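# Remarks on the overall topology
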Amino acid sequence: MNAPAGVLHFPARLGLGTWMMGESRAARSREVAAVAHALQVGYRLFDTAELYGDGGAERVLGEALLDFGRERRPELFIVSKVKPAHASRSGVLAACEASIERLGCAYLDLYLLHWRGPQGFNQTLQGFGDLLQRGLIRHFGVSNFDVEDLVRWREAERSLGLGAGAACNQLYYCLQARGIEYQLLGWQRAHGMQTMAYSPLGRGELAHHPGLARLAKARGVSAAQMALAWSIRDADVVTIPKSADPQRIEENWGARELVLGMHELAQLDQLFPPPRSKRPLAMV
Ligand SMILES: NC(=O)c1ccc[n+]([C@@H]2O[C@H](COP(=O)([O-])OP(=O)(O)OC[C@H]3O[C@@H](n4cnc5c(N)ncnc54)[C@H](OP(=O)(O)O)[C@@H]3O)[C@@H](O)[C@H]2O)c1
């Protein structure tokens, strides 16, 4: 039996990414204000990582959260990630404690292994198990894992007899990058693992895509909104666009209520073709 994936209850299916934040002192107050604005608008899901700005993005987020109120912590869903270089049993613990300290958030809702590194999965999983036991994380998961990685990860979970398994795989997924539809998304669905789509705007490119802009205009929305609505058209996917611009933060937030029709989805398939053929799901 696979360890059951912990069920994630996201406060919304759209959150705020923070890559490229916390990298320069000059931008700091603008970035803190932008995250504070996101909180005001209604964002509750935030994605960050120890890697981003070498802890700087976590500090930006932590500063913005100061005014939100400690008693309101349960409203938030905070995701951070450990670098593979820190993914030993003791390394995970130290890295997580440092992230929580920078964020000032008492615990993480979801802690991810940023990508597969040289460290054996057992070590990382033992570290995640310790963190769960100490109440420092609510769930754990992975990022940038393909099917083979997930199969090996599940084997490691089984061998350790963990009560709950990886709940989520955070993956590059947008109209311009649909590779995960080929096999990975299906595997995750079959194994009850949720998907968090990163770079859902193609790192900003989709907001300026002429074909997408034409379709979006016909619907009375922006290209960015259409790209984001597409990324969460299935209920088991959440999306985390990054913006440090208050207006764009509001614009992106509007996308979570946009439901695309069959005709629009077909037009998007024409513009951004899905992977050619789907391999049968590996029975693993
Ligand atoms: N697990 C991983 O390995 C991994 C890898 C990459 C990213 N991520 C996570 O996913 C998050 C999102 O991905 P991403 O930052 O790579 O790319 P993205 O969200 O696809 O795009 C962000 C870029 O788009 C711009 N933008 C945002 N909203 C816009 C709008 N409405 N109109 C026009 N431009 C807009 C932003 O600029 P402004 O800030 O100036 O608005 C920024 O340059 C990251 O921040 C990070 O938290 C995870």
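Scroll up a little and you will see the structure.
Here's a quick rundown of the structure.

Reading guide: rules and limits
- Residues numbered from 1 in each chain as written.
- Predicted model: local features only at pLDDT ≥ 70, side-chain atom pairs only at ≥ 80, totals over all residues.
- Heavy atoms only, no water.
- Pairing = 2+ DSSP bridges.
- Helix = DSSP H or I, 4+ residues; strand = E, 2+ residues; numbered from the N terminus.
- Phe/Tyr/Trp six-rings, centres within 6.5 Å; stacked < 30°, edge-to-face > 60°.
- Buried < 20%, exposed > 50% of the residue type's maximum accessible area, 1.4 Å probe, protein only.
- Lys NZ or Arg CZ within 6 Å of the ring centre and 35° of its normal.
- 1 Å grid on protein atoms, 1.4 Å probe; cavity = no way out; pocket = protein on both sides within 12 Å on 5 of 7 lines; lining within 4 Å.
- Points joined across faces, edges and corners; volume = space filled by probe spheres on them.
- Nonpolar A, V, L, I, M, F, W, Y, C, P; charged D, E, K, R; others polar.
- Axes fitted to C-alpha atoms, helices over the stretch in contact; angles between N-to-C directions.
- Left-handed = near helix turned anticlockwise from the far one by under 90°.
- Contact = heavy atoms within 4.5 Å.
- Patch = residues over 30% accessible without salt bridge, like charges linked within 9 Å, V, L, I, M, F, W, Y side chains within 5 Å.
- Areas by Shrake-Rupley, 256 points an atom, 1.4 Å probe, with all protein chains shown as cover.
- Salt bridge = Lys/Arg side-chain N within 4 Å of Asp/Glu carboxyl O.
- Lys, Arg positive; Asp, Glu negative; His and termini not counted.
- Charge placed at Lys NZ, Arg CZ, Asp CG, Glu CD.
- Arc of directions from axis to C-beta.
- Polar contact = N/O pair within 3.5 Å; in protein donor to acceptor, adjacent residues only side chain to side chain.

Read from one edge of the open sheet, eight strands run β1-β2-β3-β4-β5-β6-β7-β8, paired in parallel fashion. Of all strands in the sheet, those with a lone pairing partner are β1 (16-17) and β8 (237-239), marking the two edges. Of the strand pairs in this sheet, strand β3 (residues 77-82) and strand β4 (residues 108-113) are connected by four bridges, and their pairing is parallel. Its bridge partner lying in β4, lysine 81 is registered against leucine 112.

Further remarks concern the packing of aromatic side chains. Each aromatic ring pair is described using two quantities: the centre-to-centre distance and the angle formed by the ring planes. Following the criterion strictly, the structure yields eleven aromatic pairs and no others. Summarising the aromatic geometry, the rings of phenylalanine 10 and phenylalanine 77 are spaced 4.7 Å apart at their centres and angled 50° between planes, so their arrangement reads as tilted. Taken together, the residues phenylalanine 10 in the segment before β1 and phenylalanine 77 in strand β3 connect sequence positions 67 residues apart. Taking relative accessible area as the criterion, phenylalanine 77 reaches 4% and is therefore assigned buried. Where tyrosine 173 meets tryptophan 230, the ring centres are 5.1 Å apart and the plane angle is 40°; that geometry is what we call tilted. Highlighted residues: tyrosine 173 in the loop between β6 (168-172) and α6 (184-190) and tryptophan 230 in helix α8 (residues 223-231), separated in sequence by 57 residues. Pairwise contacts between aromatic rings join Tyr111, Phe121, Phe128, Phe140, Phe145 and Trp153 into one cluster. Here the guanidinium or amino end of arginine 138 rests over the ring plane of tyrosine 107, the centre of that ring lying 3.7 Å away.

Now for the layout of surface pockets. Within this model, the largest pocket holds a volume of roughly 670 Å³. Of all the secondary-structure elements, those providing two or more residues to the lining of the largest pocket are α8 and α9 (246-253). A per-element tally of the lining of the largest pocket places α9 first, with three residues. Here the residues of the lining of the largest pocket are counted per class, giving 13 nonpolar, twelve polar and five charged.

This part takes up the packing of helix α1 (residues 25-41) against α9. Close contact between α1 and α9 brings their axes to 9 Å; oriented N to C, the two are set at 35°. Pair α1 / α9 crosses with right-handed handedness. Residues Ala34, His37, Ala38 and Val41 of α1 form the contact with α9, whose participating residues are Pro246, Ile249, Glu250 and Trp253. Partitioned by chemical class, the residues of the contact of α1 with α9 number six nonpolar, one polar and one charged.

Next up on the list: a positive patch on the surface. On the surface, Arg30, Arg203, Lys242 and Arg248 cluster together into a positively charged patch. You can see lysine 242 is positioned in the loop between β8 and α9.

Two residues of an α-helix separated by three or four positions point the same way, owing to the 3.6 residues in each turn. Within helix α7 (residues 210-219), burial applies to Gly211, Leu212, Leu215 and Ala216. Taken down its axis, α7 places every buried residue within 130° of arc, on the same side. Across from the buried face of α7, at angles greater than 90 degrees, the exposed residues are Pro210, Arg214, Lys217 and Ala218. Backbone geometry just after α7 places glycine 220 at a positive phi near 80°.

Attention now moves to helix α2 (residues 56-65). The element α2 is largely enclosed, with a buried count of eight among its ten residues. Check the buried side of α2 and you find it contacts α1, β2 (45-47), β3 and α3 (89-103).

As for its position among the elements, serine 231 is in helix α8. On the accessibility criterion, serine 231 (1% relative accessible area) is buried. Among the polar contacts listed, one links the side chain of serine 231 to the backbone oxygen of leucine 228, at a separation of 2.7 Å. Aside from chain neighbours lying at most four places away, what touches serine 231 is Tyr173, Pro200, Val237 and Thr239.

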